[in-house]
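# Structural description and commentary
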Amino acid sequence: MTPVATGPAEPRRLAVNFAFLTAGEFGAKLLTFASFTYLARTLGPVSYGAIEFTLALMVFFTLPTDLGLGAYGAREIARHPADASRLLRELTGLRLLLSFCSMLLLGVFILFLHKSPEQKALLAVYGLSLLGTPYLLQWFFQAHDQMRWVGAASIVRQSGFALLLFAACRRGFPLIAIGLIECAAVVSTAIFCIYIVTRRMAYPWQRPRLWSAGLLRHVWHASPIGLSELAWAFMWYFCTVLLGFLSPDQSLGWFGASHRTVMALHTFVSLYFYNLLPSISRCAELPETNLLELINPSLRFTAWIGLCAAPLLTILAPKVLTLIYGPSFHDGWPPFVVLVWILPVAMLSGHYRYILIAYNHQNWLLRSTVIAAGVAVAMAFALVPRYKGLGAACALLVANVVNLALAYFWVRKSVVDLPLLRPLSAPLAAIGLAMLCFLGLMRWNLQISGFLAAVIYIGAFLRFEGARLASFLQIPLRVETVPTLNNSASD
């Protein structure tokens, strides 16, 4: 039977998919966290900073191997399922061609890089992993709402990396071996993805098509997404690279640890929208009320979560870094305090960014991200030489706020009037009251003040969102004054 496009997934199906995705990525992130915690404790801040510098540089060579083709492919298959097999062959071939080009550029970059031979060798070995990235087919699973395989692929990759690292890495371990471990993890994940596509999803595997007239059309439509992702990389990772050139000391390791922790938490933000993209894409073929019914409750939910997480992590910042990375990273908490506030900003901006992708407005997304990246780069040059890691963190936060404002503006102009301040009003008031309670009572008793602040925030959440939550979970309540989840478009 030929698959046909359908409407957006039901909220319960989205929740199940997100549960699979979250479970897999949570397990993968735990393994990654354990791996890099072990590296930080074993190598110390200076050598660990060299690893983070290498990984930040590799982002700028890894993203061009995709060039937005993953998100583009997921969107196109969600709209036209009958084209899945053809798109799999063409996009895999195109990504393979891009991988060779990226490896060539990396080789030229290494020749002119003024770093130690060990640092250059590590970067070169990491470059070999680019050959496996075209066969990481999570985008194909995403397009079919098969989020369990997306999560499973992440587990395969990170468990392979972690097992080899724990088995081999000791004090004095050569950094180049870490690159070899990464290559092995990528190869194992590629084999797993091909197996799932051919055996479990029953798509015949064909040799990737390296050239055809249709490939240029794919590049034309996907490149704005890919360039947006590259601009996103400048926004998120340029500060780490600049810090690595200007201050390759313990401040680089401290900032790298804070940045990695926030990025690990940000992964769950990305997963949320990764799961939501197919449903948003299907809304593009339906009246705009379907989009509002899907997005309005999501904006409220993420606002409550984000504005709870950021203050909590701010208070616990020194303890979090010490617990994860060891006592030598305790003094690296100031950048972490700034970076955690990116999380609620990203939770809100993701809705507008992914709407632009789903509604084929990649050019507006590209413009927003390029401007935000420019802000990050300019502020990094202004702040990093003087304030080091703290300056880098401030540059990142401001850039993310600019990205949110621009994406919001373009969605309202080109897609739909989707309000931002209305979903924020209740959680902002709740977090304000909770923080006043905490700050007012903390000198008397820190534990009790924290408990009362949590009670205030949770109570406010249940007051404003309890009926919607109960409706979603199908819990019978007598409260009828608050609209249910499926009737929230009028909010």
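Residues numbered from 1 in each chain as written. Predicted model: local features only at pLDDT ≥ 70, side-chain atom pairs only at ≥ 80, totals over all residues. Heavy atoms only, no water.

The helix and strand tally for the chain stands at 16 helices and zero strands. Per-residue burial over the chain gives 55% buried out of 491 residues. In the chain, the share of contacts with a sequence separation of at least 24, taken over all contacts with a separation of at least 6, comes to 83%. Roughly 21,500 Å² of accessible area belongs to the chain as shown, and the carbon and sulfur atoms make up 69% of that amount. (Helix = DSSP H or I, 4+ residues; strand = E, 2+ residues; numbered from the N terminus. Buried < 20%, exposed > 50% of the residue type's maximum accessible area, 1.4 Å probe, protein only. Contact = heavy atoms within 4.5 Å. Areas by Shrake-Rupley, 256 points an atom, 1.4 Å probe, with all protein chains shown as cover.)

What follows deals with the pattern of salt bridges. With the rule as written, the count across this model stands at seven salt bridges. The salt bridge partner of arginine 260 is glutamate 52, with a shortest N-O separation of 2.6 Å. Within this pair, whereas arginine 260 is found in helix 9 (residues 250-283), its partner glutamate 52 is found in helix 1 (residues 11-62), the two being separated by 208 residues in sequence. Here arginine 260 and glutamate 52 have matching classes, each one buried. Here arginine 75 makes a salt bridge to glutamate 76, at a shortest N to O gap of 3.0 Å. In this structure, arginine 75 and glutamate 76 share a single accessibility class: buried. In this structure, a network of salt bridges that share partners links the residues Asp83, Arg86 and Glu90. (Salt bridge = Lys/Arg side-chain N within 4 Å of Asp/Glu carboxyl O.)

Between helix 4 (residues 117-128) and helix 7 (residues 175-200), the shortest axis-to-axis distance is 8 Å and the interhelical angle comes to 5°. Taken together, helix 4 and helix 7 sit at an angle that is classed as roughly parallel. Along the contact surface, helix 4 presents Glu118, Ala121, Leu122, Val125, Tyr126 and Leu128, while helix 7 presents Leu175, Ile176, Ile178, Gly179, Leu180, Glu182 and Cys183. Per-class residue counts for the contact of helix 4 with helix 7 are 10 nonpolar, one polar and two charged. (Axes fitted to C-alpha atoms, helices over the stretch in contact; angles between N-to-C directions. Parallel < 35°, antiparallel > 145°, perpendicular 65-115°, else oblique. Nonpolar A, V, L, I, M, F, W, Y, C, P; charged D, E, K, R; others polar.)

Let's shift gears to the nonpolar core. Residues Phe140, Ile280, Leu291, Ile295, Tyr352 and Ile355 are the most contacted members of the largest nonpolar core, which totals 77 residues. At 10 residues, the largest contribution of residues to this core is made by helix 13 (residues 342-358). Apart from the residues within four sequence positions on either side, tyrosine 352 is in contact with Leu299, Leu404, Ala407, Tyr408, Val411, Leu418, Pro419 and Leu420. In this structure, Ile110, Leu243, Ile342 and Ala373 belong to the second largest nonpolar core, which totals 72 residues. (Core = buried A, V, L, I, M, F, W, Y, C linked by side-chain atoms within 4.5 Å.)

By the secondary structure assignment, serine 251 is in helix 9. Setting aside chain neighbours within four positions, we find serine 251 in contact with Leu243 and Lys388.

To continue, consider a nonpolar patch on the surface. Among the surface-exposed residues, Trp444, Ile448, Phe451, Leu452 and Val455 lie close enough to one another that they form a single nonpolar patch of about 520 Å² accessible area. With respect to the helices and strands, the residue valine 455 is situated in helix 16 (residues 446-473). Judged by its relative accessible area of 43%, valine 455 falls in the partly exposed class. (Patch = residues over 30% accessible without salt bridge, like charges linked within 9 Å, V, L, I, M, F, W, Y side chains within 5 Å.)

This paragraph deals with the environment of phenylalanine 336. When you line up the elements, phenylalanine 336 lands in helix 12 (residues 333-339). Separated by 76 residues in the primary sequence, phenylalanine 336 and arginine 260 have C-alpha atoms spaced 9.8 Å apart.

Next up on the list: the packing of aromatic side chains. The description of two aromatic rings rests on the distance between their centres and on the angle between their planes. According to the stated counting rule, one finds 23 aromatic pairs in the structure shown. Taking 5.2 Å as the distance between ring centres and 90° as the angle between the ring planes, the aromatic pair formed by phenylalanine 53 and phenylalanine 245 counts as edge-to-face. Residue phenylalanine 53 is found in helix 1, and its partner phenylalanine 245 is found in helix 8 (residues 213-246); the two are separated by 192 residues along the sequence. Classification of phenylalanine 245 by relative accessible area gives partly exposed; the value is 40%. Each ring, one from tryptophan 364 and one from tryptophan 410, has its centre 4.1 Å from the other, and the planes form 20°; the classification is stacked. Its relative accessible area of 12% is what places tryptophan 410 among the buried residues. An aromatic cluster is defined as three or more aromatic residues linked by ring pairs; in this entry it consists of Phe60, Phe234, Phe238 and Phe381. Just above the ring of phenylalanine 53 sits the side chain of lysine 115; from NZ or CZ to the centre is 4.7 Å. The side chain of arginine 260 reaches across the aromatic face of phenylalanine 36, ending 3.7 Å from its centre. (Phe/Tyr/Trp six-rings, centres within 6.5 Å; stacked < 30°, edge-to-face > 60°. Lys NZ or Arg CZ within 6 Å of the ring centre and 35° of its normal.)

As a further point, take helix 4. Its 12 residues place the ends of helix 4 17 Å apart at the C-alpha level, agreeing with the 16 Å of an ideal helix rising 1.5 Å per residue. Three or more residues of helix 4 are buried, namely Gln119, Leu122, Leu123, Val125, Tyr126 and Gly127. (Expected span 1.5 Å × (residues − 1).)

As a further point, take the environment of glycine 70. Looking at the secondary structure, you find glycine 70 in helix 2 (residues 69-79). Measuring from C-alpha to C-alpha, the distance between glycine 70 and arginine 95 comes to 9.4 Å, with 25 residues separating the pair along the chain.

On the secondary structure map, tryptophan 341 appears in the loop between helix 12 and helix 13. Judged by relative accessible area, which is 33%, tryptophan 341 ranks as partly exposed. If sequence neighbours within four positions are ignored, tryptophan 341 has contacts with Ala310, Pro311, Thr314 and Leu397. There is a polar contact of 3.0 Å between the side chain of tryptophan 341 and the side chain of threonine 314. (Polar contact = N/O pair within 3.5 Å; in protein donor to acceptor, adjacent residues only side chain to side chain.)

With that settled, the discussion passes to the confidence of the model for the chain. This prediction gives the chain a mean pLDDT of 81; 88% of its residues lie at or above 70. Note on residues 1-7: pLDDT is under 50 here. Beyond four places in sequence and across chains, it has 10 contacts. Every residue in residues 472-491 scores below 50 in pLDDT, and together they form 37 contacts with partners more than four places removed in sequence or on other chains. (pLDDT = per-residue confidence, 0-100.)

Bringing the packing of helix 6 (residues 147-168) against helix 7 into the picture now. When two helices pack together, their arrangement is given by the angle between the helix axes and the distance between those axes. One way to put it is that helix 6 packs onto helix 7 with a least axis distance of 8 Å and a crossing angle of 150°. Overall, the two elements helix 6 and helix 7 adopt an arrangement that is roughly antiparallel. Considering the relative orientation of helix 6 and helix 7, their crossing is right-handed. Across the interface between the two elements, Trp149, Ala152, Ala153, Val156, Arg157, Phe161, Leu164 and Leu165 of helix 6 pack against Ile178, Ile181, Glu182, Ala184, Ala185, Val186, Ser188, Thr189, Phe192, Cys193, Ile196 and Arg200 of helix 7. Tallied by class, the residues present in the contact of helix 6 with helix 7 amount to 15 nonpolar, two polar and three charged. (Left-handed = near helix turned anticlockwise from the far one by under 90°.)

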